[in-house]
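An overview of the molecular structure
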Amino acid sequence: MAKSESADAGGRQQLLALLEGRACHHCSDGELERGRYKDNRAIVCDSCGAPRVQVWSPSLD
């Protein structure tokens, strides 16, 4: 893995960690947690399921 790819992966992990545990903006009683959205790693609401952030790796085609 190239150095920039490694840094990007670390940045994605930091973003997910930063948002995890925050209140949902779409519903009154939800909390954001790590999960999946459209087969991508994401931060989603544990109550309403709304995605806040999703991350993916670029295709290597």
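Everything discussed here concerns the structure shown above.
What comes next concerns the included structure.

Reading the values: the criteria
Residues numbered from 1 in each chain as written. Predicted model: local features only at pLDDT ≥ 70, side-chain atom pairs only at ≥ 80, totals over all residues. Heavy atoms only, no water. Helix = DSSP H or I, 4+ residues; strand = E, 2+ residues; numbered from the N terminus. Buried < 20%, exposed > 50% of the residue type's maximum accessible area, 1.4 Å probe, protein only. Contact = heavy atoms within 4.5 Å.

1. Topic: the overall build of the chain
Broken down by element type, the chain carries one helix and three strands. Sequence-ordered secondary structure for the chain, helices as α and strands as β, is α-β-β-β. Taking all 61 residues of the chain together, 23% fall into the buried category. Residue pairs in contact within the chain that sit at least 24 positions apart in sequence constitute 21% of those at least 6 positions apart.

2. As for the environment of Gly30
Note on placement: Gly30 falls in the loop between helix 1 (3-19) and strand 1 (32-37). The class of Gly30 is buried, set by a relative accessible area of 8%. It is 5.7 Å that separates the C-alpha atoms of Gly30 and Asp46, two residues lying 16 residues apart in sequence. Apart from the residues lying within four places of it in its own chain, the contact partners of Gly30 are Arg22, Ala23, Cys24, Cys45, Asp46 and Ser47.

3. Concerning unusual backbone geometry
Positive phi outside glycine occurs at Lys38, with the angle close to 50°. Of note, Lys38 is situated in the loop between strand 1 and strand 2 (40-45). On the basis of relative accessibility, which here comes to 62%, the residue Lys38 falls in the exposed class. Notably, Asp39 is not glycine yet its phi reads approximately 65°, a positive angle. By relative accessible area, Asp39 is classed as exposed at 69%.

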